[in-house]
Amino acid sequence: QVQLAESGGGLVQPGGSLRLSCAASGSIFTSYVMGWYRQAPGKQRELVATITRSGTTSYPDSVRGRFTISRDNPKNTVYLQMNSLKPEDTAVYYCRLTQLGASYWGQGTQVTVSS
């Protein structure tokens, strides 16, 4: 089994920054992809960023240039640096780990962008 623990959410003003962390523990193998997703009220969960073990990243247009995903492999931790936050970034952010055809999700952390 794999457990994911997210942290770093909160309330921030438009234009501000937040850094999310997700620490993975349990039966983790060497090759896995980690990612961040978000879900706003009344909307479907959407991809925010992914990163492979070798460091290849991917972002949708909505966050590219503002968000940066990174990972610390020895610590099995992934980070999401979010800059220039907008009210439309408000959502619950979830960490996801995918390995051997299976996906694991964290419990989510709330990010609210409001003045």
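Look up: the structure comes first, before these words.
To keep things clear, this report deals only with the structure shown in the data block. What you are looking at is a predicted structure, and each value in this text was computed from that prediction instead of being measured.

So, about the pairing of strand E5 (residues 46–51). Across five bridges, strand E4 (residues 33–39) lies against E5 in antiparallel orientation. Among the inter-strand pairings, Arg38 is bridged to a residue of E5, identified as Glu46. Sheet topology places E5 next to strand E6 (residues 57–58); two bridges connect them, and they run antiparallel. Looking at the pairing, Thr50 lines up with Ser58 of E6. As consecutive antiparallel partners, E5 and E6 are separated by five residues, and within that stretch Gly55 has a phi angle of approximately 105 degrees, a positive value.

Overall, antiparallel pairing links the four strands, which are arranged E1-E3-E8-E7 in an open sheet. The open sheet has two edge strands with one neighbour each: strand E1 (2–7) and strand E7 (67–72). Taking each pair of neighbouring strands and ignoring which way they run, the sheet shows an average axis angle of 15 degrees.

With that out of the way, let us pick up the environment of Ser58. By secondary structure assignment, the location of Ser58 is in strand E6. The class of Ser58 is partly exposed, set by a relative accessible area of 34%. Once the C-alpha coordinates of Ser58 and Ser7 are considered, the two residues, 51 residues apart in sequence, prove to be 21 Å apart. When residues no more than four places from it in sequence are discounted, the contact partners of Ser58 are Val48, Ala49 and Thr50.

Here we take up the packing of aromatic side chains. Per the counting criterion, the structure on display carries two aromatic pairs. Taking the centre distance of 6.5 Å and the plane angle of 85 degrees together, the rings of Tyr94 and Trp105 count as edge-to-face. Of this pair, Tyr94 sits in strand E9 (residues 91–99) while Trp105 sits in strand E10 (residues 102–105); the two residues are eleven residues apart in sequence, bridging distant segments of the chain. In this structure Tyr94 comes out as buried when scored by relative accessible area, which is 14%. Since its relative accessible area comes to 36%, Trp105 is described here as partly exposed. Ring pairs connect the aromatic residues Tyr37, Tyr94 and Trp105, which therefore count as one cluster. Above the ring of Tyr79, the side-chain terminus of Arg19 is found at 4.1 Å from the ring centroid. Note that Arg45 overlies the ring of Trp105, its terminal NZ or CZ placed 4.6 Å from the centroid.

Below, the discussion takes up the nonpolar core. By size, the foremost hydrophobic cluster in this structure holds 28 residues, and its most contacted members are Met34, Trp36, Leu80, Met82 and Tyr93. At the level of secondary structure, the elements contributing two or more residues to this core comprise E1, strand E3 (18–26), E4, E5, E7, strand E8 (77–82), E9 and strand E11 (109–113).

How each quantity is defined
- Residues numbered from 1 in each chain as written.
- Predicted model: local features only at pLDDT ≥ 70, side-chain atom pairs only at ≥ 80, totals over all residues.
- Heavy atoms only, no water.
- Pairing = 2+ DSSP bridges.
- Helix = DSSP H or I, 4+ residues; strand = E, 2+ residues; numbered from the N terminus.
- Axes fitted to C-alpha atoms, helices over the stretch in contact; angles between N-to-C directions.
- Buried < 20%, exposed > 50% of the residue type's maximum accessible area, 1.4 Å probe, protein only.
- Contact = heavy atoms within 4.5 Å.
- Phe/Tyr/Trp six-rings, centres within 6.5 Å; stacked < 30°, edge-to-face > 60°.
- Lys NZ or Arg CZ within 6 Å of the ring centre and 35° of its normal.
- Core = buried A, V, L, I, M, F, W, Y, C linked by side-chain atoms within 4.5 Å.

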